[in-house]
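Okay, here's what each chain looks like letter by letter:
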Amino acid sequence: MESASIPSSMKVIDSNPFADCPKLARIDVSENNPEYSTTNGVLFDKEKTALISCPQTMSEVYQMHDGVGKIGDRTFSGCAELTCIAEYKSNGEIEWDLM
């Protein structure tokens, strides 16, 4: 699976549902979904304060945007080509089971 689409009806994602998808390059979310959104193929909550899933084909450096206060369970699982996860100042909680 190289891409995934989350419909407007999806209301709950507990942790990274794509942790075992090594070819995933992009996650898309319906604009009508009240709970989730994406930026550059990366899955966030609607407010973009919680990073939920990063596609495993992401490589080099991933630069988080300002406002991310929570990194979910296994968010970067399988992202073997990432060399750096850069973050802006964050005042939220961080769950460190990233890989």
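Our structure's up above, just so we're on the same page.
Residues numbered from 1 in each chain as written. Predicted model: local features only at pLDDT ≥ 70, side-chain atom pairs only at ≥ 80, totals over all residues. Heavy atoms only, no water.

Right, let's get into the packing of aromatic side chains. In the structure shown here, the tally under the stated rule is 1 aromatic pair. Ring plane angle 55° and centroid distance 6.0 Å describe the contact between Tyr62 and Phe76, whose orientation is recorded as tilted. Pair noted here: Tyr62 is in strand 6 (residues 60–63) and Phe76 is in the loop between strand 7 (70–71) and strand 8 (82–86), with a separation of 14 residues, a long-range link. Note on Tyr62: relative accessible area 9%, which makes it buried. Judged by its relative accessible area of 0%, Phe76 is buried. (Phe/Tyr/Trp six-rings, centres within 6.5 Å; stacked < 30°, edge-to-face > 60°. Helix = DSSP H or I, 4+ residues; strand = E, 2+ residues; numbered from the N terminus. Buried < 20%, exposed > 50% of the residue type's maximum accessible area, 1.4 Å probe, protein only.)

A general tendency of soluble globular proteins is for nonpolar side chains to be buried together. Counting 12 residues, the largest nonpolar core is built from Val42, Phe44, Leu51, Cys54, Met58, Tyr62, Met64, Val68, Ile71, Phe76, Cys79 and Leu82. Those residues in contact with Leu82 that lie beyond four places of it in its chain are Met58, Ser59, Glu60, Val61, Tyr62 and Phe76. Residues Ala4, Phe18, Ile27 and Tyr36 belong to the second largest nonpolar core, which totals 11 residues. (Core = buried A, V, L, I, M, F, W, Y, C linked by side-chain atoms within 4.5 Å. Contact = heavy atoms within 4.5 Å.)

Looking now at the pattern of salt bridges. Side-chain pairing between opposite charges can occur once the charged atoms of the two side chains come close. Considering all chains together, one arrives at 2 salt bridges under this definition. In this structure, Arg74 engages Asp20 in a salt bridge whose closest nitrogen and oxygen atoms are separated by 3.8 Å. Taken together, the positions of Arg74 in the loop between strand 7 and strand 8 and Asp20 in the loop between strand 1 (3–6) and strand 2 (26–29) put the pair 54 residues apart, joining distant regions of the chain. Asp28 serves as the salt-bridge partner of Arg26, at 2.9 Å between the closest nitrogen and oxygen. The exposure class assigned to Asp28 is partly exposed, which follows from its relative accessible area of 29%. (Salt bridge = Lys/Arg side-chain N within 4 Å of Asp/Glu carboxyl O.)

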